[in-house]
Every structure is written in structure tokens, then in C-alpha cells.
Amino acid sequence: MSPPASLSRPLGTASRPSELLSIAIAVGAMGTLGFSVTAPILPDLADVFGVSRGSIGLVQGSISFAGVMFSAIIGYLADRIGRRRVILAALALFSVFGVAGFFARTFWALVTVRFLQGVGTSGILGVGIVLIGDAFEGAARTRAMGINMTGLQTTSLLGPVIAGLLAVNGTFRPFLIFLIGIPLAAWASRMPADRPTETVEKPLRHLRAALATMRREQTLADFAGVLAATFVATYLLHGLGLTVVPLLLDDEFGIEVAARGVYIAAFQLGIVLAAIRIGVLIDRMGKANLITAAFALMAGGSAVTALAPSANWVVAGLAVCGFGFGAFVPQAQAYAATVGGPHYRGLTVLVWVTIIRLSQLAGPPAGSMVYDATGPTVPFWSAAVVTGALAVAWIPVRRAVSSATSAAG
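Report follows, based on the coordinates. This is a predicted model, so every value here is computed, not measured.

**Describing the overall build of the protein**
Inference 1: Regarding its fold elements, the protein presents 16 helices and zero strands.
Inference 2: Dimensions of the protein along its principal axes, counting C-alpha atoms only, are 65 × 55 × 35 Å.
Inference 3: The buried share of the protein, reckoned over its 409 residues, is 55%.
Inference 4: A separation threshold of at least 6 residues defines the contact pool for the protein, and within that pool the share at least 24 residues apart is 86%.
Inference 5: For the protein, the exposed area adds up to about 16,400 Å²; of that, 67% sits on carbon and sulfur atoms.
Inference 6: A distance of 9 Å separates the average location of the 27 positive side-chain charges in the protein from that of its 17 negative side-chain charges.

**Notes on the packing of helix H9 (residues 203-216) against helix H15 (residues 341-374)**
Inference 1: As a packed pair, H9 and H15 sit with axes 10 Å apart at the nearest point and diverge in direction by 105 degrees. Taken as axis vectors, H9 and H15 run roughly perpendicular relative to one another. Side by side, H9 and H15 meet where His-206, Leu-207, Ala-209, Ala-210, Thr-213 and Met-214 of the first sit next to His-343, Tyr-344, Leu-347 and Thr-348 of the second.
Inference 2: Residues of the contact of H9 with H15, tallied by class, amount to six nonpolar, four polar and no charged.

**Here's the deal with unusual backbone geometry**
Inference 1: Residues other than glycine seldom take positive phi values, yet Gln-218 does so here, at roughly 55 degrees.
Inference 2: Structurally, the position occupied by Gln-218 is in the loop between H9 and helix H10 (220-253).
Inference 3: Classification of Gln-218 as partly exposed rests on a relative accessible area of 43%.

**Description of the pattern of salt bridges**
Inference 1: Considering all chains together, one arrives at six salt bridges under this definition.
Inference 2: Across the pair Glu-19 and Arg-190 runs a salt bridge, and its minimum N-O distance is 2.8 Å. With Glu-19 in helix H2 (residues 17-36) and Arg-190 in the loop between helix H8 (181-188) and H9, the pair connects residues that are 171 residues apart, well separated along the chain. In this structure, Glu-19 and Arg-190 share a single accessibility class: buried.
Inference 3: Notably, a salt bridge pairs Asp-134 with Arg-83, separated by 2.8 Å at the nearest N-O pair. One end of the pair, Asp-134, is in helix H6 (residues 107-135); the other, Arg-83, is in helix H5 (residues 83-100), with 51 residues separating them in the sequence.

**Topic: the layout of surface pockets**
Inference 1: A volume near 800 Å³ is recorded for the largest pocket.
Inference 2: Lining the largest pocket are 29 residues; nearest its centre among them are Asp-222, Val-226, Ile-291, Trp-394 and Arg-398.
Inference 3: Per-element accounting of the lining of the largest pocket gives the leading share, nine residues, to helix H16 (residues 378-408).
Inference 4: Here the lining of the largest pocket is composed, by residue class, of 18 nonpolar, six polar and five charged.

**Re the packing of H2 against H5**
Inference 1: Across the interface, H2 lies against H5 with an axial gap of 11 Å and an inter-helix angle of 30 degrees. The pairing of H2 with H5 is recorded here as roughly parallel in orientation. Read as a crossing pair, H2 and H5 show a hand that is left-handed. Residues Val-27, Met-30, Gly-31 and Gly-34 of H2 form the contact with H5, whose own contacting residues are Ile-87, Leu-91, Phe-94 and Ser-95.
Inference 2: Residues of the contact of H2 with H5, tallied by class, amount to five nonpolar, three polar and no charged.

**Some thoughts on H9**
Each turn of an α-helix holds 3.6 residues, which means side chains three or four residues apart point in the same direction.
Inference 1: In this model H9 runs 20 Å from its N-terminal to its C-terminal C-alpha over 14 residues, within 8% of the 20 Å that 1.5 Å per residue would give.
Inference 2: Listing the buried residues of H9 in full gives His-206, Ala-210, Thr-213 and Met-214. The buried residues of H9 occupy an angular sector of 95 degrees when the element is viewed end-on, so they sit on one face. Set apart from the buried face of H9 by more than 90 degrees, the exposed residues are Leu-204, Arg-205, Arg-208, Arg-215 and Arg-216.

**Details of the environment of Met-298**
Inference 1: Along the chain, Met-298 turns up in helix H13 (residues 287-307).
Inference 2: Separated by 88 residues in the primary sequence, Met-298 and Val-386 have C-alpha atoms spaced 9.6 Å apart.
Inference 3: If we skip the residues at most four places from it in the chain, Met-298 touches Ala-233, Leu-237, Cys-321, Gly-324, Phe-325, Phe-328 and Thr-387.

**What to know about empty space enclosed by the protein**
Think of a ball as big as a water molecule: rolled over the atoms, this probe shows where empty space is left.
Inference 1: Counted under the stated rule, the structure contains two cavities of 30 Å³ or more.
Inference 2: As for the largest cavity, its lining consists of 23 residues, and the residues nearest its centre are Thr-32, Leu-125, Gln-153, Ile-356 and Gln-360.
Inference 3: Among the elements of the structure, H2, H6, helix H7 (138-167), H10, helix H11 (257-275), helix H14 (311-338) and H15 are those that each provide at least two residues to the lining of the largest cavity.
Inference 4: Ranked by residue count, the leading element in the lining of the largest cavity is H15, at five residues.

Thresholds applied
- Residues numbered from 1 in each chain as written.
- Predicted model: local features only at pLDDT ≥ 70, side-chain atom pairs only at ≥ 80, totals over all residues.
- Heavy atoms only, no water.
- Helix = DSSP H or I, 4+ residues; strand = E, 2+ residues; numbered from the N terminus.
- Buried < 20%, exposed > 50% of the residue type's maximum accessible area, 1.4 Å probe, protein only.
- Contact = heavy atoms within 4.5 Å.
- Areas by Shrake-Rupley, 256 points an atom, 1.4 Å probe, with all protein chains shown as cover.
- Lys, Arg positive; Asp, Glu negative; His and termini not counted.
- Charge placed at Lys NZ, Arg CZ, Asp CG, Glu CD.
- Axes fitted to C-alpha atoms, helices over the stretch in contact; angles between N-to-C directions.
- Parallel < 35°, antiparallel > 145°, perpendicular 65-115°, else oblique.
- Nonpolar A, V, L, I, M, F, W, Y, C, P; charged D, E, K, R; others polar.
- Salt bridge = Lys/Arg side-chain N within 4 Å of Asp/Glu carboxyl O.
- 1 Å grid on protein atoms, 1.4 Å probe; cavity = no way out; pocket = protein on both sides within 12 Å on 5 of 7 lines; lining within 4 Å.
- Points joined across faces, edges and corners; volume = space filled by probe spheres on them.
- Left-handed = near helix turned anticlockwise from the far one by under 90°.
- Expected span 1.5 Å × (residues − 1).
- Arc of directions from axis to C-beta.

Just distances and angles here, no functional claims.
As C-alpha cells, this is what we get:
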């Protein structure tokens, strides 16, 4: 005899797409705190642990290392056992090991718990995008991705501000923010049971079948391009915006920790302004022109930051970079949620998340080490040159690759 619904579902079941979108946004927003909460306290952590500014980037990079290792398998599990189970398990990991950062009193202990927290981060960020892909289609999906990005980056915007204020009375106090995962898990339990009705192949077969589907539909080259562009943009902007900028603000302009979080939040503000209007921007400019403009804005914002004569100019540069990033990422997310179809959606989205994690792993340590070795301007000029080249070259490269792929097909 099955247990009563009231026992197995004490909070009921969400059925409206709007509530599922809200859950996806709330869960994903929790994941963004993994990076934004620690950004303003990086210089202080370096002082507490007695490590160099070049080494402290590992605190940001370690949370991504687990994502590089486990994101694809998490996506496979989302296809095989359902989105709800994966999200609830990921929330538990993220919250428990996030709060554990409050008790870490050595550098390597903090790096370790951040790594374990990163396993959960990949699940709650990636599978939230999968949920949106399941609930929406076509242009509505891209708009929903923009709304999702707005919610995530609004939280990311507030995260450094709140963390900076909390850190005034204790460097480790911002890690207690992750306790919010407890009520969030209760709300996420309202997600409907979604175990797939079709049998999902073993991991490698599932991957091969997804690749075969994309080759047959001639979308594999475009998906590879989306992955490459995502890596470059995130590598540069996370390596700079969330790692190098707080060091720049501290060393060059003497900005204290509480104000540092406010300055860093300009990047997230730019993302929010673009993402919330992504549907309107696409209607006015078209997808291809908007992506070109997005890379151009990233390049321009990086150049402004490199030339900044004051902290206010750093804020302006970060906001422009963020607007460009916010115009690009929702389109990339929507494509990753579309290209494999519903049967492979968990895998294709989490492969995209793997690329995000790889760039977030490599970007912060590289940014802090380049800053340490060359000073404040070289990292930003590098970002300006690379994203500027993407703005000019991505359409011709895409056309050439697509033509070659069609000829081969």
C-alpha cells in the first residue's frame, strides 16, 4: 500500500511553469553565491592565511574544479534519474560544504571544502537550466533564460555587497549565507517527480548517441562554437572581474572591503540590465548582431578598466563588460538546452556547464598570477584584445565551418 500523498509530499507539487521557473531561478541563484560571496574577501583571506595574492585565486578556482570533473555525469544523471532528485542532492552538498567554509582555518582546508561545495554547484546551476528547457520552447525559452539570468545575477550583485558588510566584523562570516539552502531545499521538493519513462543508455553510449544526433541535424559545429565562445568570455571575465578587480581596488585605489563588494557588483548590474531585456534586444538587433555587439562591449569595457584613472572608471568598465556578457550568455544557454532535444538535454546543458566550470577554474588563478607578475593593466588589455577579435571574427569563422560541415554531410 502506497503512503498518503500528504506524507510523501508535505509541501505539495508545483505544476505551473511560472513556479518551476521560480524554483529554477532560486536554485541557480544559490549557486552563483558560491563565487560572489568570496570575491570581496579574497585579499583578507590571503592576509589571514599568509599566502600570496597570486595563490588566493585557488579559493575561487577550487569550486570550479569539481564542476570540470563531475558536471557531465551530473547531466547524465539528470537525464537518467530525473531533475528533481539531482537538484535536491546538489543543494544538500552545496549548503553543507558552503557553511563548512566558516570553520576552515587553514588555506588548504578552505580549498578542500570549496571543492566539495563545487560538486553541488554544478548540479544546482546546470539542472536549473535544464528545467527551463523542459518547461519552455522557442523564443519563450530564450526569454525565460534571460529572466533566469536576471535572477541569478541580481543575487550575484547583492552577494558581494552583503558579504562585504558581513566581513567587516569577521572575515569568515560570509560563509554563513549558505544556510539559506535549507529552506530552499524545502521549496525545491515541490518539483514534480520526473523520472524518465524511456530507458537512458549507459553514459558513454548516451554521449555517443547525443553526438550522432547533432551530427545528423548539422548542429554539432554550432554547439562546439558556443562552447568555445563561452569558455573564452568566462575565462577572461571571471579571471578578471571576480578575482583581479578586488586586488586592483585594494592595491591601486585603497578601497576597503565593505565598499569593494559594491564596486564589484557593477559587473552583475550590467548583466542584469542586458539579460532582463534579452527578448527585446534580439527582436531589435537579431541574434547574430547581438552576439557581435556583446563581444565588442566586453572588449570596450575591459579597455576602460585598463585605462581607469579612478575606482569609478573601474565601475564603468565592469558595467559595460557585464552588459556584453549578459547579452551573450542567455542565448548560449538556450542553444545548449535546445540542441540535444529533451532526451539529451541534461547532458548537453551540463557539458556547457563543464565549459563554464573549466573557464572558472583556470581564469581566477591565471588572473591573479598575471596580475602578480605584470601589474594591473595587462590582464585587462589581454581581455580587450581577445574579445575584440571574437567580435570581428566569429561570424566569418562560423560561416566557413558551417559550409565545410554541410559539404562533408
